[in-house]
Amino acid sequence: MVQSMAKTKQAVLKLLYENRDRYLSGQKISEIIGCSRTAVWKHIKDLIKDGYRINAVQKSGYQLIGAPEGLNEAALSAGLRTEKLGRHIYFYETIGSTQKEALVLADEGAADGTIVITNEQSAGRGRLGHTWQSARGVNVAMSMILRPHLPIEQTPQLTLITAVAACDVIEKVTGVSCGIKWPNDILFEGKKLVGILTELQAEATYVKAVVIGIGMNVNTDPETFSGELASRATSLKKITGKTYDLVSFVQAFLKRFEELYMLFLKEGFPSIKPLWERRATSLGKKIKVRQAGGKTIEGIARGINDQGVLLLEGENHRLTRVYSADIEWS
Ligand code: BTN
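Definitions and limits used
Residues numbered from 1 in each chain as written. Predicted model: local features only at pLDDT ≥ 70, side-chain atom pairs only at ≥ 80, totals over all residues. Heavy atoms only, no water. Near = heavy atom within 4 Å. Polar contact = N/O pair within 3.5 Å; in protein donor to acceptor, adjacent residues only side chain to side chain. Areas by Shrake-Rupley, 256 points an atom, 1.4 Å probe, with all protein chains shown as cover. Helix = DSSP H or I, 4+ residues; strand = E, 2+ residues; numbered from the N terminus. Nonpolar A, V, L, I, M, F, W, Y, C, P; charged D, E, K, R; others polar. Buried < 20%, exposed > 50% of the residue type's maximum accessible area, 1.4 Å probe, protein only. Contact = heavy atoms within 4.5 Å. Disulfide = S-S within 2.5 Å. Phe/Tyr/Trp six-rings, centres within 6.5 Å; stacked < 30°, edge-to-face > 60°. Salt bridge = Lys/Arg side-chain N within 4 Å of Asp/Glu carboxyl O. Pairing = 2+ DSSP bridges. Axes fitted to C-alpha atoms, helices over the stretch in contact; angles between N-to-C directions. Core = buried A, V, L, I, M, F, W, Y, C linked by side-chain atoms within 4.5 Å. Parallel < 35°, antiparallel > 145°, perpendicular 65-115°, else oblique. Left-handed = near helix turned anticlockwise from the far one by under 90°.

Undergrad: Looking at this structure, how should I read the site of the ligand?
TA: Taken together, 20 residues are adjacent to the ligand, and Ser97, Gln121, Arg125, Arg127 and Lys192 come closest. With respect to the ligand, the backbone of Gln99 contributes an N or O atom lying 3.4 Å from a nitrogen atom. Within the backbone of Arg127, one N or O atom sits 2.7 Å away from an oxygen atom of the ligand. Notes on the ligand: free accessible area 420 Å², of which the protein chains cover 98%. Elements that contribute at least two residues to the shell around the ligand include exactly α5 (98-107), β5 (124-125), β7 (140-146), β10 (191-202) and β11 (207-216). Of all the elements, β10 adds the most residues to the shell around the ligand, at four residues. Classifying every residue of the shell around the ligand by side-chain character gives six nonpolar, ten polar and four charged.

Set out below in structure tokens:
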């Protein structure tokens with residue numbers, strides 16, 4: 001019962017988002033949602049208490065004119081133009097890690113395309129055991145659950161697709177052209193804007209689910225990047241001086257990711273490779289590759305192969321394939 005009240009409230013809110021340019025009568029809302037007019041009025045009062053600004057005009061009805069800062073489930077799903085991705089949303093006002101939660105949900109059978117998203121992440125996880133900091137209400141912290149029919153060795157390619165989608169959307173929305181440092185750091189002038197973490201649930205030869213976590217520094221205040229962080233990270237707000245609507249940002253990202261993902265599933269990684277290479281910042285440069293276990297090798301990054309594996313040219317022009325590592329300019 002409590003669950004269905006919450007769902008009805010979300011449905012009312014979603015309807016208001018979808019009709020932001022007009023008034024909707026209580027009668028119409030109750031007909032569409034399938035609840036009484038009294039229930040509609042109760043949910044409207046509740047939403048106003050939550051911080052939504054809703055005009056209520058006799059004979060005209062209700063119109064949403066403002067919302068609390070940050071993301072919410074109804075706003076995300078109201079304008080979403082994807083087919084599958086984000087059609088199931090688990091939204092949390094605050095959570096330890098969307099990635100951890102998505103892995104649990106994937107294990108419990110969450111549908112392909114489910115997303116887990118939050119306004120505040122208190123224990124964000126990064127690659128190679130690092131942590132990921134994300135201030136409340138200003139950034140994107142989201143994990144996507146995908147169930148592709150792919151051999152395990154091809155799943156790292158999904159990380160590269162995510163990186164391309166993030167760069168494309170950043171450029172489209174803000175005009176900022178950023179680069180990808182293999183495999184998945186998105187940088188602007190050498191400073192990190194987006195981090196991607198891909199994790200698998202698999203049996204010996206079969207991928208049950210892939211969980212891709214994305215952290216984007218969108219509206220983080222420039223002052224946040226003081227001290228040591230100033231040389232390593234940045235945000236779109238710091239770069240452009242502007243604040244962006246997080247809901248449209250996430251929707252645009254999901255749309256672009258889905259387009260590229262569909263292309264990849266249909267035509268394979270060769271269709272994505274040139275898009276990734278166009279954004280790559282390390283190609284042709286001398287780099288240092290730090291592999292798990294601490295082993296470091298140096299060479300020139302020559303590109304990626306059709307599997308998305310980095311090709312490193314060492315001494316005597318010998319090419320080494322690098323499957324997973326952190327890279328630095330040397
Ligand atoms: C990196 O180390 O660069 C990857 C960072 C990935 C952070 C994202 S934020 C959403 C999702 N939830 C997490 O706990 N981590 C990922």
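Undergrad: Help me understand the side chain of Thr118 in this model?
TA: Secondary-structure assignment places Thr118 in strand β4 (residues 115-118). Residue Thr118 is classed as buried on the basis of its relative accessible area, which comes to 1%. There is a polar contact of 3.0 Å between the side chain of Thr118 and the backbone oxygen of Glu120. Filtering out sequence-adjacent residues up to four positions away, Thr118 remains in contact with Leu71, Phe91, Tyr92, Glu93, Thr94, Ile95, Thr98 and Ala141.

Undergrad: It is not clear to me how the side chain of His43 should be interpreted in this structure. Could you clarify?
TA: Here His43 shows up in helix α3 (residues 37-49). A residue is classified by how much of its surface remains accessible, and His43, at 3% relative accessible area, is buried. Filtering out sequence-adjacent residues up to four positions away, His43 remains in contact with Met5, Thr8, Lys9 and Val12.

Undergrad: Teacher, can you tell me more about the state of the cysteines here?
TA: Note: disulfide means a covalent bond formed between the sulfur atoms of two cysteine side chains. Counted according to the given criterion, the structure contains zero disulfides. For the unlinked cysteine Cys178, the closest cysteine sulfur is that of Cys167, found at 3.9 Å.

Undergrad: Looking at this structure, how should I read the packing of aromatic side chains?
TA: We describe a pair of aromatic rings using the distance from one ring centre to the other and the angle between the two ring planes. One pass over the structure, following the stated rule, counts four aromatic pairs. Ring centres of Trp41 and Tyr62 lie 6.2 Å apart, and the angle between their planes is 15 degrees; on these two criteria the pair is classed as stacked. Here Trp41, found in helix α3, pairs with Tyr62, found in strand β2 (residues 61-66); they are 21 residues apart in sequence, far enough to count as distant. According to the relative accessible area criterion, Trp41 is partly exposed, its value standing at 38%. On the accessibility criterion, Tyr62 (12% relative accessible area) is buried.

Undergrad: Could you clarify how one ought to interpret the pattern of salt bridges in this entry?
TA: Where charged atoms of side chains with opposite charge meet at close range, the side chains can pair. Overall, the coordinates contain 17 salt bridges when judged by the stated rule. Where Asp221 meets Lys237, a salt bridge forms, and the shortest distance between an N and an O atom there is 2.9 Å. Placement of the pair is Asp221 in the loop between β11 and α7 (236-240) and Lys237 in helix α7, with a sequence separation of 16 residues. For the salt bridge of Asp306 with Lys273, the shortest nitrogen-to-oxygen distance reads 3.7 Å. One end of the pair, Asp306, is in the loop between β13 (296-304) and β14 (310-313); the other, Lys273, is in helix α9 (residues 273-279), and 33 residues separate them in sequence. The exposure class assigned to Asp306 is partly exposed, which follows from its relative accessible area of 39%. Here the salt bridges share partners, and the residues they tie into one network are Asp168, Glu171, Arg256, Glu259 and Arg279.

Undergrad: What exactly am I supposed to notice about the sheet that holds strand β8 (residues 179-181) here?
TA: Where strands meet in a sheet, backbone hydrogen bonds hold them as pairs that are either parallel or antiparallel. Read from one edge of the open sheet, seven strands run β3-β4-β7-β11-β10-β9-β8, paired in mixed fashion. Only two strands of the sheet have a single neighbouring strand rather than two, namely β3 (89-92) and β8. Neighbour-to-neighbour, the strand axes of the sheet open up by a mean angle of 20 degrees, direction not taken into account. Pairing analysis gives seven bridges linking β7 to β11, with the strands arranged antiparallel. Bridge pairing in β11 places Ala141 opposite Gly215. Against the sheet, helix α6 (residues 156-174) touches β8, β9 (185-188), β10 and β11, its axis set at about 145 degrees to β10. Lying on the sheet, helix α8 (residues 246-267) is in contact with β4, β7 and β11; it crosses β7 at an angle near 30 degrees.

Undergrad: Help me out: how do you make sense of the nonpolar core in this one?
TA: For soluble globular proteins, nonpolar side chains are generally found buried alongside one another. Counting 80 residues, the largest nonpolar core has Phe253 and Phe257 as its most contacted members. Within the second largest apolar cluster, nine residues are counted, among which are Ala102, Ala106, Ala209 and Val211.

Undergrad: Please explain the packing of α6 against α8 as it appears in this structure.
TA: Where α6 meets α8, the axes come as close as 9 Å, and the angle between the chain directions of the two elements is 135 degrees. In this view, α6 runs oblique relative to α8, as classed from their interaxial angle. The hand of the α6/α8 crossing is right-handed. Where α6 approaches α8, its residues Gln157, Leu158, Ile161, Thr162, Val164, Ala165, Ala166, Asp168, Val169, Ile170, Val173 and Thr174 are matched on the opposing element by Phe249, Ala252, Phe253, Arg256, Phe257, Leu260, Tyr261 and Phe264.

Nothing here speaks to function; it is geometry throughout.
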